[in-house]
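Observations on the model geometry
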Number of protein chains: 2
Amino acid sequence: MEKHGHLPHVVIVGAGFGGLKAAARLRGVPAHVTVIDRSNHHLFQPLLYQVATAGLSPADIAQPIRNILKRNENTEVLMDEVTGVDVAARRVRLADREVPYDYLLLATGATHSYFNHPEWEKFAPGLKSIEDATTIRRKILLAFEAAEMEQDSEKRHALLTFVVVGAGPTGVELAGSIAELAHRALASDFRHINPQGARILLLEAGPRILASFSEKLAAKARRALEKLGVEARTGAKVEQVDAQGVLVSGERIAARTVIWAAGVRASAAARWLGVEADRAGRVKVQPDLTLPGHSDIFIIGDTATLNDEAGKPLPGTAPVAMQQGRYVAAVMARRIAGKKPLGPFHYVDKGNLATVGRSYAIAEIRKLRLSGFVAWITWLLVHILYLIGFRNRILVLIEWAWAYVTFQRGARLITKGPGS
Amino acid sequence: MEKHGHLPHVVIVGAGFGGLKAAARLRGVPAHVTVIDRSNHHLFQPLLYQVATAGLSPADIAQPIRNILKRNENTEVLMDEVTGVDVAARRVRLADREVPYDYLLLATGATHSYFNHPEWEKFAPGLKSIEDATTIRRKILLAFEAAEMEQDSEKRHALLTFVVVGAGPTGVELAGSIAELAHRALASDFRHINPQGARILLLEAGPRILASFSEKLAAKARRALEKLGVEARTGAKVEQVDAQGVLVSGERIAARTVIWAAGVRASAAARWLGVEADRAGRVKVQPDLTLPGHSDIFIIGDTATLNDEAGKPLPGTAPVAMQQGRYVAAVMARRIAGKKPLGPFHYVDKGNLATVGRSYAIAEIRKLRLSGFVAWITWLLVHILYLIGFRNRILVLIEWAWAYVTFQRGARLITKGPGS
């Protein structure tokens with residue numbers, strides 16, 4: 001990779017919420033920017049559960065990174081996989097080349113954690129990528145197809161039992177959406193089974209669901225889930241996951257479809273840098289989001305950990321990543337321009353949203369608490385607004401309007417997946 | 001499978017254009033109908049090339065079969081694979097069960113033919129299913145990504161060379177669409193390559209492209225292709241296909257992406273029935289579309305061959321399959337009702353359409369010949385009309401309107417495919 005005259009070279013690894021916001025903020029800055037991602041597209045993760053439950057198509061929530069950044073004349077995009085970072089030589093190692101940097105931003109996100117049981121992964125897929133979502137979609141739809149032809153009533157029952165492990169917002173949204181898919185969209189499509197008899201369990205090891213919300217709001221959401229036909233269980237610790245189902249607090253539940261929404265662990269950034277990490281693999285960063293001892297290396301989003309002013313670690317959510325991305329780009333821009341440095345990063349709490357089915361949600365923004373339809377409209381508007389790309393916004397609005405009126409799911413495709 | 005009282009049991013294998021039209025026509029008929037397909041969705045094949053060139057999402061052109069037929073109370077849908085037919089016992093063999101029939105309709109379509117070179121298939125995918133389309137899409141988009149990072153100019157040139165083998169409507173539509181993708185949609189997205197320099201070749205072994213159209217119209221289409229930047233070559237026989245490209249009439253063309261649109265061969269129906277087939281594996285059927293000697297077995301669409309009144313074999317197109325599907329269902333309905341039998345099948349020529357890029361097409365309906373924008377509007381209306389599902393029609397219209405105005409392609413996703 002040739003050097004660009006005297007321009008400093010900024011390398012951004014990861015084009016999720018954090019990396020993309022940083023790249024956007026660096027437009028027009030006198031630097032050469034290289035964005036590296038192993039995927040060609042930026043993914044709007046909050047709506048992945050909709051792809052997993054056949055409500056939206058993958059391309060509705062994804063956009064090619066180089067297309068988003070095409071008007072950033074100082075920026076190029078490489079689709080490649082990072083294997084390590086040579087901190088001393090200031091180079092990023094890819095599969096078959098090295099990229100030198102003056103400033104490095106690692107925004108590589110998180111992946112699933114199976115609490116020291118990596119063997120559970122093949123029975124209980126998580127939801128982090130488009131492939132994860134279509135894999136889960138295929139599992140769910142195939143379970144109904146197989147049940148339609150299954151003569152044995154015990155096996156049929158297991159096919160029509162769906163378990164979601166982990167009752168944070170992702171688990172709650174998945175469980176609510178599967179319940180609606182089974183109890184509404186698929187209701188008249190079968191002749192030998194009644195999809196409305198499908199059993200959806202949401203298992204949470206902690207004392208309550210939606211622990212990041214206030215108790216009252218979380219309780220309202222739980223009631224809404226139960227109205228949708230989801231059985232939520234708290235204090236339910238998963239002890240085993242296999243092809244037949246799960247073992248929960250000593251009880252065996254036969255379920256063909258188990259989905260993992262329970263734990264995250266950071267990407268390999270800490271390993272690449274050869275530094276210490278917390279239990280989830282996150283790198284502890286300075287108040288200005290740099291790696292201790294290396295003011296030219298920034299780490300943001302789910303791969304970093306930083307405490308807020310109250311001493312609580314910042315959550316691994318999109319608004320945090322986006323604000324951090326914008327912040328570090330501003331820090332770099334000021335340094336490049338020789339200006340006075342910015343103060344430490346300060347997160348402006350944008351609140352918390354979770355949706356339960358088609359028309360119920362809970363929203364918490366500092367002291368303001370909303371639930372029900374009003375919260376759901378808020379959820380809808382926020383997600384449409386932050387979705388990148390005019391075309392995507394129109395398509396998603398139409399798909400949702402159609403689904404809302406007809407109770408149908410438009411993307412009920414079973415396609416062969418990777419390795420199958 | 002239990003018998004349904006005294007109702008005759010109609011089994012339809014294949015839910016493409018032919019099978020689905022037959023099932024639709026059998027609604028309300030006093031029979032029990034079972035539709036069997038190895039896929040859960042009905043696919044609108046004429047628009048597959050749009051998925052392959054990142055213009056539409058798979059779910060825009062597919063619809064779950066059991067959803068289409070859900071209001072047919074006498075009909076059930078099984079997602080399973082047929083392995084054979086026991087003609088004497090009148091049973092269809094599936095993976096792990098048998099389905100008895102009183103009337104059997106085989107509408108299983110066609111697959112690709114590599115002219116006795118099955119080893120070419122892994123280098124030159126065809127376009128018959130959603131998986132085919134996303135595989136081709138991935139190949140095309142990855143070729144540009146790899147070219148962006150390729151330092152060696154010869155390798156880069158091969159990455160930016162695309163070969164389509166076979167210049168029937170499918171090959172022409174694919175080549176034109178790839179040309180537009182490269183020369184318009186991707187034009188500003190790269191920094192080290194110029195996608196407008198991509199080379200698209202369309203190879204036809206015969207003396208002219210679009211042999212099923214009149215010479216003048218085909219010549220117009222060829223000029224339109226050349227204006228789009230496609231190099232069409234006739235009398236060009238492919239002698240070898242491998243990982244580096246193709247060997248055509250003695251000349252080596254280095255191309256990373258080769259797509260097969262050159263030959264079809266029928267599904268395994270003839271083998272299942274243990275009967276003779278023509279060179280392409282099609283079963284020669286009676287004038288009433290039954291298997292000779294078996295008036296309870298009907299074969300339609302690309303898996304059958306029948307001559308029209310002029311002695312020419314009917315083409316393997318959607319209108320033929322649809323009319324045959326409706327006809328055989330009517331034959332069965334009349335027999336079940338004890339009515340006088342219908343006459344032989346008569347195909348009403350609905351004409352021929354092929355599109356070249358965004359706003360040019362050729363259309364031939366008996367003596368009427370159209371070309372250019374008028375033909376393209378016709379093509380658009382016909383395809384929207386025949387697309388199943390109100391939601392799909394709206395989405396496709398919007399995707400096309402957006403693409404038309406912005407020159408962009410909305411479904412530019414690279415996802416991991418089967419076995420990768």
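Here, the structure is the one placed above.
In short, a report on the structure. Remember, predicted model here, so these are calculated numbers, not experimental data. (Residues numbered from 1 in each chain as written. Chains lettered and ligands numbered in written order. Predicted model: local features only at pLDDT ≥ 70, side-chain atom pairs only at ≥ 80, totals over all residues. Heavy atoms only, no water.)

1. What about the relation of the copies chain A and chain B?
Between chain A and chain B, the superposition needs a rotation of 180 degrees and an axial shift of 0.0 Å, giving an RMSD of 0.0 Å. Both chain copies can therefore be described as sitting about a two-fold axis. Take the interface residues of chain A: 100% of them recur as interface residues in chain B, which is what a same-surface contact looks like. (Least-squares fit on C-alpha atoms with pLDDT ≥ 70 in both. Contact = heavy atoms within 4.5 Å.)

2. As for the packing of helix 10 (residues 373-386) of chain B against helix 11 (residues 390-406) of chain B
Residue and element names in this part refer to chain B. Close contact between helix 10 and helix 11 brings their axes to 9 Å; oriented N to C, the two are set at 150 degrees. Between helix 10 and helix 11, the angle falls in the class roughly antiparallel. Facing F373, W376, W379, L380, I384 and L385 of helix 10, the residues of helix 11 in contact are R393, V396, L397, W400 and Y404. Here the contact of helix 10 with helix 11 is built from residues that sort into 10 nonpolar, no polar and one charged. (Axes fitted to C-alpha atoms, helices over the stretch in contact; angles between N-to-C directions. Helix = DSSP H or I, 4+ residues; strand = E, 2+ residues; numbered from the N terminus. Parallel < 35°, antiparallel > 145°, perpendicular 65-115°, else oblique. Nonpolar A, V, L, I, M, F, W, Y, C, P; charged D, E, K, R; others polar.)

3. A closer look at the environment of B:R138
All names here are of chain B. If you trace the backbone, R138 turns up in helix 4 (residues 130-149). Taking relative accessible area as the criterion, R138 reaches 12% and is therefore assigned buried. Expressed as a C-alpha distance, the spacing of R138 and D80, which sit 58 residues apart in the sequence, is 28 Å. (Buried < 20%, exposed > 50% of the residue type's maximum accessible area, 1.4 Å probe, protein only.)

4. Structural notes on the sheet that holds strand 7 (residues 91-94) of chain B
Working definition: the strands of a sheet are paired by backbone hydrogen bonds and lie parallel or antiparallel to each other. Residue and element names in this part refer to chain B. If you walk across this open sheet you meet the three strands as 6-7-8, and the pairing is antiparallel. Strands at the two margins of the open sheet, each flanked by one partner only, are strand 6 (82-86) and strand 8 (98-100). Across the sheet, the mean angle separating the axes of adjacent strands is 20 degrees when strand polarity is ignored. With four bridges connecting them, strand 6 and strand 7 associate as antiparallel partners. Bridge pairing in strand 7 links G84 to R93. (Pairing = 2+ DSSP bridges.)

5. A look at the interface of chain A and chain B
Each partner contributes residues to the interface: chain A has 52 residues there, and chain B has 52 residues. Together, the buried faces of chain A and chain B total about 4700 Å²; carbon and sulfur atoms form 53% of this surface. Its largest share of buried area at the contact with chain B, chain A owes to A:R66, A:M149 and A:R391, together 16% of the area lost on that side. For the pair chain A and chain B, the number of links is six salt bridges. Taking the shortest distance from any N to any O, the salt bridge between B:R66 and A:E145 comes out at 2.7 Å. Our count for the chain A to chain B interface comes out at 25 residue pairs in polar contact (both at pLDDT 80 or more). At the level of secondary structure, the elements contributing two or more residues to the side of chain A that touches chain B comprise strand 4 (62-64), helix 3 (65-68), strand 5 (75-79), helix 4 (130-149) and helix 11 (390-406) of chain A. Element by element, the count of residues in the side of chain A that touches chain B is highest for helix 4 of chain A, at seven residues. Class assignment of the residues belonging to the side of chain A that touches chain B gives a composition of 21 nonpolar, 15 polar and 16 charged. (Buried area = accessible area lost by both parts, 1.4 Å probe. Salt bridge = Lys/Arg side-chain N within 4 Å of Asp/Glu carboxyl O. Polar contact = N/O pair within 3.5 Å; in protein donor to acceptor, adjacent residues only side chain to side chain.)

6. Points about the side chain of B:H183
All names here are of chain B. Looking at where H183 falls in the secondary structure, it is placed in helix 6 (residues 169-185). A polar atom in the side chain of H183 sits 3.3 Å from the backbone oxygen of A198. Excluding residues within four positions of it along the chain, H183 makes contact with P195, Q196, A198, I200, L228 and G229.

7. Quick look at a nonpolar patch on the surface
Residues and elements named next belong to chain A. Taken together, F373, I377, L381, Y404 and V405 make up a surface patch of nonpolar side chains, about 470 Å² in accessible area. Of all the secondary-structure elements, those providing two or more residues to the nonpolar patch are helix 10 (373-386) and helix 11. Broken down by element, the residue count for the nonpolar patch peaks at three residues, all from helix 10. Under the relative-accessibility criterion, Y404 is labelled partly exposed at 32%. (Patch = residues over 30% accessible without salt bridge, like charges linked within 9 Å, V, L, I, M, F, W, Y side chains within 5 Å. Areas by Shrake-Rupley, 256 points an atom, 1.4 Å probe, with all protein chains shown as cover.)

8. Observations concerning the packing of aromatic side chains
For the coordinates displayed, the defined rule picks out 20 aromatic pairs over all chains. A ring pair is formed by A:F17 and A:F44, whose centres lie 5.7 Å apart and whose planes are at 75 degrees; its orientation type is edge-to-face. Here A:F44 lies in the loop between strand 3 (41-43) and helix 2 (48-52) and A:F17 lies in helix 1 (residues 17-25), a separation of 27 residues in the sequence. Residues A:F17 and A:F44 agree in their burial class; the two are buried. Of the aromatic side chains, those joined through ring pairs into one cluster are A:Y114, A:F115, A:W120 and A:W260. One cation-aromatic arrangement involves A:R391 over B:W402; the distance from NZ or CZ to the ring centre is 5.7 Å. The residue whose ring lies beneath B:R358 is B:Y404, and the NZ or CZ to ring-centre distance is 4.3 Å. (Phe/Tyr/Trp six-rings, centres within 6.5 Å; stacked < 30°, edge-to-face > 60°. Lys NZ or Arg CZ within 6 Å of the ring centre and 35° of its normal.)

9. With respect to helix 6 of chain B
When the terminal C-alpha atoms of helix 6 of chain B are compared, their 22 Å separation across 17 residues agrees well with the 24 Å that a helix rising 1.5 Å per residue should span. When you tally the buried positions in helix 6 of chain B, you get 14 out of 17 residues, the bulk of the element. (Expected span 1.5 Å × (residues − 1).)

10. Section: the sheet that holds strand 21 (residues 294-299) of chain B
Residues and elements named next belong to chain B. With respect to topology, six strands assemble into an open sheet ordered 5-2-1-9-21-20, the strand pairing being mixed. The outermost strands of the open sheet, each flanked by one partner alone, are strand 5 (75-79) and strand 20 (290-291). Here strand 9 (residues 103-106) runs beside strand 21; their pairing, made up of three bridges, is parallel. Bridged to L104 within strand 21 is I297.

Take it as geometry only, folks, not as evidence of what the structure does.
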